[in-house]
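Residue-level listing of the chains:
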Amino acid sequence: MKKTIAVLFGGQSGEHEVSLVSAQAVIAALDPEKYQVLPVGITKDGRWLTGSGAMPALLAAADPALLPAGSAAGAHALEEQQNEVDAPTSHGDMDLPTVARILPPGVDVVFPVLHGPMGEDGTVQGLLELAGVAYVGCGVAASAVGMDKALMKAAFAAAGLPLLPWLLVRRADWQRDPEATYTAVESTLHYPVFVKPANMGSSVGVGKAKDRDGLKYAIADAARYDRRIVIEQGIPAREIEISVLGNETPEASVPGEIVPSGEWYDYHAKYIHGQSAIHIPAPIDAALADSVRALATRAFLAIDGAGLARVDFLLDKETSELWINEANTMPGFTPISMYAKMWAASGLRYPDLLDRLILLALERKGS
Ligand SMILES: Nc1ncnc2c1ncn2[C@@H]1O[C@H](COP(=O)(O)OP(=O)(O)O)[C@@H](O)[C@H]1O
Ligand SMILES: [Mg+2]
């Protein structure tokens, strides 16, 4: 019996286009012998479209500047896809009970290939819990904690994981008394510091401040995106990432390293210039790689992860100290994304990775 996999893509976050690219890769790689696919697209304004017309509709409405090269070819490959369920494309505004019913009773597993707020943050996961269906990846709490840098740090700190010194600034407090905020930052940290909206991704709103003026500017910028702002000790860092997979006994891949094209891995380096170098495995010694693996699985358990997460570290170039930066509960998911590449380098091919994730989803649901 083939399993029916509903693949969710698009969504209302700034990472809508990234999701389309990830989802096309997932749909193309799901083995047609084992699975049939129900495409489910979520438009930027939150409408749900189902059936084979969903991906073409979302691609047509996507911002071409944000679609990485190659996705047009992906769209073409999709037309030839044989494993899709032929459901009619439906449009329209739907209230929550309708959305919860959108998934036909025959769906075995939902794969929410959604990045960022309103997709990776526990909201869609809550909907899927209400719908009573198995789904790939982290549950409500882990997704929500993984999306909020302040809550994530609190969970990591409680688990004794190595965190750079940081403080939380509430926008309302900063607006009421900016000087007190600057003084608090300067008495806890030294420049440079990194300023981050608690609830974003893709380096949006993240700034590096080298002095008081830079701090003022970076806080004002981050405050455009969130009510809560994380300010963190900046270090000269190498960026080490690792993929985690599993439920109760998560496993970690070989670690990888990203060498950003700019001074740090900002939005520009991630998506515009795209010349950041990737090294898999990361050129670090075996003992350090073991610590990265051990810390990554502890981080996964600390947020009560399930299915998958990519855990990112900062390695101080001067002191060689290793700090945990963040866990991403739905990292970029094409075969050339870090998450999949680190598994491929560890001996797990992309289609097999998808099989594992689907099994983990069913296992977690208890079916
Ligand atoms: N404390 C820090 N010291 C040095 N570089 C940092 C620090 N925090 C973040 N960065 C740089 O900023 C980038 C984005 O920060 P990150 O916390 O990963 O935000 P996002 O969730 O948007 O990816 C990192 O990849 C790294 O290049
Ligand atoms: Mg990051």
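Just above sits the structure.
Residues numbered from 1 in each chain as written. Chains lettered and ligands numbered in written order. Predicted model: local features only at pLDDT ≥ 70, side-chain atom pairs only at ≥ 80, totals over all residues.

1. Overview of the sheet that holds strand β8 (residues 207-209)
Taken in spatial order, the four strands make up an open sheet running β6-β9-β7-β8, and their pairing is antiparallel. Of all strands in the sheet, those with a lone pairing partner are β6 (166-170) and β8, marking the two edges. Direction aside, the axes of adjacent strands within the sheet are offset by 25 degrees on average. Here strand β7 (residues 193-197) runs beside β8; their pairing, made up of three bridges, is antiparallel. Following the sheet pairing, Val195 is matched in β8 by Gly207. On the sheet, helix α7 (residues 149-158) packs against β6, β7 and β9 (228-233) and is oriented at approximately 55 degrees with respect to β9. (Pairing = 2+ DSSP bridges. Helix = DSSP H or I, 4+ residues; strand = E, 2+ residues; numbered from the N terminus. Axes fitted to C-alpha atoms, helices over the stretch in contact; angles between N-to-C directions. Contact = placed C-beta atoms within 7 Å.)

2. So, helix α6 (residues 140-147)
With six of eight residues buried, α6 is to be regarded as a mostly interior element. When α6 is considered as a whole, its buried residues turn out to be Ala142, Ser143, Ala144, Val145, Gly146 and Met147. (Buried ≥ 20, exposed ≤ 12 C-beta atoms within 10 Å, placed from the backbone.)

3. Thoughts on the pairing of strand β2 (residues 35-42)
Among the eight residues that make up β2, seven are buried, leaving the element largely enclosed by the rest of the structure. Inspection of the sheet shows strand β1 (residues 3-10) paired to β2 by eight bridges, in the parallel sense. The residue bridging Leu8 from the neighbouring strand is Val40, located in β2. A crossover links β1 with its parallel partner β2, the connecting element being helix α1 (residues 16-29), and its sense is right-handed. Pairing between β2 and strand β3 (residues 48-50): three bridges, direction antiparallel. Its bridge partner being in β3, Ile42 is matched across the sheet by Trp48. Joining the antiparallel neighbours β2 and β3 is a turn of five residues, in which Gly46 adopts a positive phi near 90 degrees. (Right-handed = clockwise from strand over helix to strand, strands pointing away.)

4. Looking at the nonpolar core
Note on soluble globular proteins: their nonpolar side chains tend to be buried together. Ranked by internal contacts, the top residues of the largest apolar core, which has 79 residues, are Val7, Leu8, Val26 and Ala299. Examining the composition of this core, we find that seven residues originate from one element, α1, more than from any other. Per-domain counts for this core show at least three residues from each of domain 1 (3-135) and domain 2 (146-162 + 236-365). Not counting the four nearest positions on each side in its chain, Ala299 is found in contact with Phe156, Leu161, Val311, Ile324 and Ala327. Val195, Leu215, Ala218 and Ile231 belong to the second largest nonpolar core, which has 18 residues in total. (Core = buried A, V, L, I, M, F, W, Y, C linked by C-beta atoms within 7 Å. Domains from an automatic or database assignment.)

5. A look at the pairing of strand β4 (residues 109-112)
Put simply, side chains in a regular strand alternate between the two faces of the sheet. The alternating pattern of β4 places Val109 and Phe111 and Val110 and Pro112 on opposite faces, both of which are buried. Two strands pair when backbone bridges link them, and β1 and β4 are joined in this way by four bridges, in the parallel orientation. Residue pairing in the sheet places Leu8 in a bridge with Pro112 of β4. Alignment of β4 against strand β5 (residues 134-135), held across two bridges, turns out to be parallel. Among the inter-strand pairings, Val109 is bridged to a residue of β5, identified as Ala134.

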